[in-house]
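# Observations on the three-dimensional arrangement
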Amino acid sequence: MSKKSALIGPLMLDVPGQELTAEDREVLSHPLVGGVILFTRNYRDPEQLKALCDGILAVKKSPRLLLAVDHEGGRVQRFRVGFSRIPAMGSLGKLFIEDAERACVDAREQGLTIAREISSYGIDLCFAPVLDRDCGVSTIIGDRAFSQDTETIVRLASAFRSGLNELGLAATGKHFPGHGAVAADSHLELPIDRRSEEEIRATDLVPFKRLIDEGVESLMMAHIRYPAVDQTPASLSVKWIETILRGELGFEGALFCDDLSMNGAAAVGTMEERARLALAAGCDMLPVCNDRAAAVALLDALKDVKPSKAGSERLKKLYRREPK
């Protein structure tokens, strides 16, 4: 492998087991690898998880790898035994209708709980909150979303983020510009959202804009095509990322592509083509999950790519911090 880089690399990979192998360490030491995402298969018990996380964080020192997990609550919580059970965020949206103040307090408490528990293992990011609207058509989003109502989403997501932030974790809003209005699952195919640009801006973009204005630290893109705006999927689109997200909405934080191994991304070409499109569009970090052979081949295919200084600086702001 090449010499270690002083910049955070743009690829986020996974590991297959519960302990690091020599191959894992070699792959993760590559200068293009800047992060690791954990899955349920990586967890047996708290002691094993701590050893695994310590091993991953020891692979690189300057800068170290970012460590992430999908830990939203409800259906998407990778670690369960020995961890608090986090409810689906949609339950907070229902509570908000009855008692908005209580729902916001509960949302903040869930953020605090997640931050307290995962940060104790050295994990930086829980890849939450979901800012998508639950429009009643997406089974893959559904009750992962707080609500269909934009104001409810903003209030609860802001409270949730405040809990993460209080204990030193950054938030990652997802999936820009909104995944809740399509029935197709982007893990399996490329969904197409045929709504007008005006409708998308008046609805789905509202929670993202409000959280951006509040300083949300990072966002994750959606593998969805919105033909009224651009024929390229949003996750790989210069128009969505540079023109709208960075330019019009003023987002200055770190930007994650969604997993490039998903079929929603595969629709546009090979793994190398997807990765180059995502980088050219402005994504700072590209997860490539559940396919070690493809990840290793991609590292070789991108040997001409250098980690971005600007992207690295944005990603460094996502490292967990000691609570104030």
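You'll find the structure just up there.
Since the model is a prediction, treat every value here as computed from it, not as a measurement.

### A word on the environment of Arg 133
Secondary-structure assignment places Arg 133 in the loop between α4 (100-119) and α5 (150-166). Each C-alpha atom, one on Arg 133 and one on Glu 109, is 22 Å from the other, the two residues being 24 residues apart in sequence. Contact partners of Arg 133, with chain neighbours within four places excluded, come to Ala 145, Ser 147, Gln 148, Thr 150, Ile 153, Gly 180, Arg 195, Thr 203 and Asp 204. A polar contact is formed between the side chain of Arg 133 and the side chain of Asp 204, at a distance of 3.0 Å.

### Concerning the pairing of strand β3 (residues 66-69)
Working note: regular strand, side chains alternate between the two faces of the sheet. The alternating pattern of β3 places Leu 66 and Ala 68 and Leu 67 and Val 69 on opposite faces, both of which are buried. As paired elements, strand β2 (residues 33-38) and β3 share four bridges and run parallel to each other. Of the residues in β3, the one forming a bridge with Gly 35 is Leu 66. Note that the unit made of β2, helix α2 (residues 46-57) and β3 has a crossover that is right-handed.

### Things to note about the packing of α4 against α5
As a packed pair, α4 and α5 sit with axes 7 Å apart at the nearest point and diverge in direction by 35°. Considering how the two elements wind past one another, α4 and α5 form a crossing that is right-handed. Here Ala 100, Ala 103, Cys 104, Ala 107, Arg 108, Gln 110, Gly 111, Leu 112, Ile 114 and Ala 115 of α4 lie close against α5, whose contacting residues are Arg 155, Leu 156, Ala 159, Phe 160, Ser 162, Gly 163, Leu 164 and Glu 166. Of the residues assigned to the contact of α4 with α5, the class counts are 11 nonpolar, four polar and three charged.

### Examining the pattern of salt bridges
Considering all chains together, one arrives at 28 salt bridges under this definition. The partner of Arg 201 in a salt bridge is Glu 197, and the shortest N-O contact between them spans 2.9 Å. With a gap of four residues between them, Arg 201 and Glu 197 both fall in helix α6 (residues 197-202), about one helical turn apart. With a relative accessible area of 30%, Arg 201 lands in the partly exposed category.

### Some details on the sheet that holds strand β7 (residues 218-221)
Either a parallel or an antiparallel arrangement is found when strands of a sheet pair, and the pairing is made through backbone hydrogen bonds. If you walk across this open sheet you meet the three strands as β6-β7-β8, and the pairing is parallel. Of all strands in the sheet, those bounded by a partner on one side alone are β6 (172-176) and β8 (254-256). Within this sheet the neighbouring strands show an average axis-to-axis angle of 25°, counted without direction. In this sheet, β8 lies alongside β7 in parallel orientation, the contact comprising three bridges. By the bridge assignment, Met 220 is partnered in β8 with Phe 256.

### A word on unusual backbone geometry
A cis amide bond, omega -5°, links Ser 62 with the succeeding residue Pro 63. Along the polypeptide, Pro 63 turns up in the loop between α2 and β3. With an omega dihedral of 5°, the bond running from Phe 176 to Pro 177 counts as a cis peptide bond. Locating Pro 177 in the fold gives a position in the loop between β6 and α6. At Phe 127, a residue that is not glycine, the phi angle is positive and equals roughly 50°. By the element assignment, Phe 127 lies in the loop between α4 and α5. The exposure class of Phe 127 is buried, given its relative accessible area of 1%.

Rules of the game
- Residues numbered from 1 in each chain as written.
- Predicted model: local features only at pLDDT ≥ 70, side-chain atom pairs only at ≥ 80, totals over all residues.
- Heavy atoms only, no water.
- Helix = DSSP H or I, 4+ residues; strand = E, 2+ residues; numbered from the N terminus.
- Contact = heavy atoms within 4.5 Å.
- Polar contact = N/O pair within 3.5 Å; in protein donor to acceptor, adjacent residues only side chain to side chain.
- Buried < 20%, exposed > 50% of the residue type's maximum accessible area, 1.4 Å probe, protein only.
- Pairing = 2+ DSSP bridges.
- Right-handed = clockwise from strand over helix to strand, strands pointing away.
- Axes fitted to C-alpha atoms, helices over the stretch in contact; angles between N-to-C directions.
- Left-handed = near helix turned anticlockwise from the far one by under 90°.
- Nonpolar A, V, L, I, M, F, W, Y, C, P; charged D, E, K, R; others polar.
- Salt bridge = Lys/Arg side-chain N within 4 Å of Asp/Glu carboxyl O.

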